[in-house]
Amino acid sequence: MELSILYYSKTGRTRDIALAIQRGAEKIEGMEAKAFPLDEIDEDFLKESRAVVFGTPTYLANTCWQIKKWFDESSKYKLEGKLGAAYATADYIQGGADTAIMNIVGHMLVKGMMVYSGGSALGQPYLHLGAVIVKDRMETGLSQAEIFGERIAKKAADLFAEGVD
């Protein structure tokens, strides 16, 4: 089963988190995860993916314009019925990353995706809306991102078990 991670990264932090999510997702047996910058998406892999995670740096308590543009121009990508999740990086905890994630959640719902966050019911780390990684907490953030990836991949595997549609 495939899982795509689509992201934009200017400084490399959002990319590093995408790679940590990929590592976490691949802990689930049978899951193949790949991370793609928005301008290098493997369209065939995305088409086959049962889950898609979107990552954005936070600017002015919102997504980067590149993510917004991608969603605006993504009509060729069939996302309906896929499991969706989001994460955001920020310079500081009050930087609005939760607002950026909710913006992505709105786009996923419009595209007909099912949305999953990893939630708080699974315990620490609590991922209420999705993973939020702050610049001065990257080490902790990388381990949380792996857990986030593992949770999303496990939910995708549960939802899309072989022979179940």
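Thresholds applied
- Residues numbered from 1 in each chain as written.
- Predicted model: local features only at pLDDT ≥ 70, side-chain atom pairs only at ≥ 80, totals over all residues.
- Heavy atoms only, no water.
- Buried < 20%, exposed > 50% of the residue type's maximum accessible area, 1.4 Å probe, protein only.
- Phe/Tyr/Trp six-rings, centres within 6.5 Å; stacked < 30°, edge-to-face > 60°.
- Helix = DSSP H or I, 4+ residues; strand = E, 2+ residues; numbered from the N terminus.
- Polar contact = N/O pair within 3.5 Å; in protein donor to acceptor, adjacent residues only side chain to side chain.
- Contact = heavy atoms within 4.5 Å.
- Expected span 1.5 Å × (residues − 1).
- Salt bridge = Lys/Arg side-chain N within 4 Å of Asp/Glu carboxyl O.
- Pairing = 2+ DSSP bridges.
- Right-handed = clockwise from strand over helix to strand, strands pointing away.
- Core = buried A, V, L, I, M, F, W, Y, C linked by side-chain atoms within 4.5 Å.

Some details on unusual backbone geometry
A negative phi angle characterises most non-glycine residues, just as the trans form characterises most peptide bonds.
For step 1, the next point in the chain: Although it is not a glycine, Leu 60 sits at a positive phi angle of roughly 50°.
For step 2, the next point in the chain: Judged by its relative accessible area of 86%, Leu 60 is exposed.

Looking at the packing of aromatic side chains
For step 1, the next point in the chain: Using the criterion set out here, one finds 5 aromatic pairs in the structure.
For step 2, the next point in the chain: On the basis of an interplanar angle of 45° and a centroid distance of 4.8 Å, the ring pair of Phe 54 and Phe 71 is categorised as tilted. You can see Phe 54 sitting in strand S3 (residues 49–57) and its partner Phe 71 sitting in helix H3 (residues 65–72), a full 17 residues away along the chain.
For step 3, the next point in the chain: On the numbers, 5.1 Å between centres and 20° between planes, the contact of Trp 70 with Tyr 77 is stacked.
For step 4, the next point in the chain: The buried category is assigned to Trp 70, whose relative accessible area is 9%.
For step 5, the next point in the chain: Grouping aromatic residues by their ring pairs yields a cluster made of Phe 54, Trp 70, Phe 71 and Tyr 77.

Points about the side chain of Lys 82
For step 1, the next point in the chain: Here Lys 82 shows up in the loop between H3 and strand S4 (83–90).
For step 2, the next point in the chain: Within polar-contact distance, the side chain of Lys 82 engages the backbone oxygen of Leu 46 at 3.4 Å.
For step 3, the next point in the chain: Those residues in contact with Lys 82 that sit more than four places away from it in its chain are Leu 46, Lys 47, Glu 48, Ser 49, Arg 50, Val 52, Met 113 and Met 114.

Examining helix H1 (residues 13–25)
For step 1, the next point in the chain: With 13 residues, H1 ought to run about 18 Å at 1.5 Å a step, and its terminal C-alpha atoms sit 18 Å apart, in line with that.
For step 2, the next point in the chain: All of the buried residues along H1 are Thr 14, Ile 17, Ala 18, Ala 20, Ile 21, Gln 22, Gly 24 and Ala 25.

Things to note about the pattern of salt bridges
For step 1, the next point in the chain: Throughout the structure, instances matching the rule amount to 9 salt bridges.
For step 2, the next point in the chain: Residue Arg 13 pairs with Asp 91 through a salt bridge whose shortest N-O separation is 2.8 Å. On the criterion of sequence distance, the pair formed by Arg 13 in helix H1 and Asp 91 in the loop between S4 and helix H4 (97–110) is long-range, its members being 78 residues apart.
For step 3, the next point in the chain: Residue classification places Arg 13 among the partly exposed residues on the basis of a relative accessible area of 21%.
For step 4, the next point in the chain: Its relative accessible area of 43% is what places Asp 91 among the partly exposed residues.
For step 5, the next point in the chain: Of the charged contacts in the structure, one is a salt bridge between Lys 69 and Glu 73, with a shortest N-O distance of 3.0 Å.
For step 6, the next point in the chain: A network of salt bridges, in which partner residues are shared, links Arg 23, Lys 27 and Glu 146.

Some thoughts on the pairing of strand S1 (residues 2–7)
For step 1, the next point in the chain: Counting buried positions along S1 gives 5 out of 6 residues, so the element sits mostly inside the fold.
For step 2, the next point in the chain: In this structure, S1 lies alongside strand S2 (residues 32–37), joined through 6 bridges in parallel fashion. Each bridged residue has a counterpart across the sheet, and for Glu 2 the counterpart in S2 is Glu 32.
For step 3, the next point in the chain: Handedness of the crossover is the feature at issue here: the chain leaves S1, passes through H1, returns alongside S2, and the resulting connection is right-handed.
For step 4, the next point in the chain: Bridge analysis of S1 against S3 gives 6 bridges, and the strand direction is parallel. If you follow Tyr 7 over to S3, its bridge partner there is Gly 55.

So, the nonpolar core
For step 1, the next point in the chain: Membership of the largest hydrophobic core comes to 26 residues, with the highest contact counts inside it found for Leu 3, Ile 5, Ile 21, Val 53, Tyr 87, Phe 148 and Ile 152.
For step 2, the next point in the chain: Secondary structure elements with two or more residues in this core: S1, H1, S2, S3, S4, strand S6 (131–134) and helix H5 (138–159).
For step 3, the next point in the chain: When near neighbours in sequence (up to four residues on either side) are disregarded, Ile 152 contacts Leu 3, Ala 51, Val 53, Leu 83, Ala 85, Tyr 116, Ser 117 and Gly 118.
For step 4, the next point in the chain: By size, the runner-up hydrophobic cluster in this structure holds 23 residues, among which are Leu 6, Leu 79, Ile 104 and Met 108.

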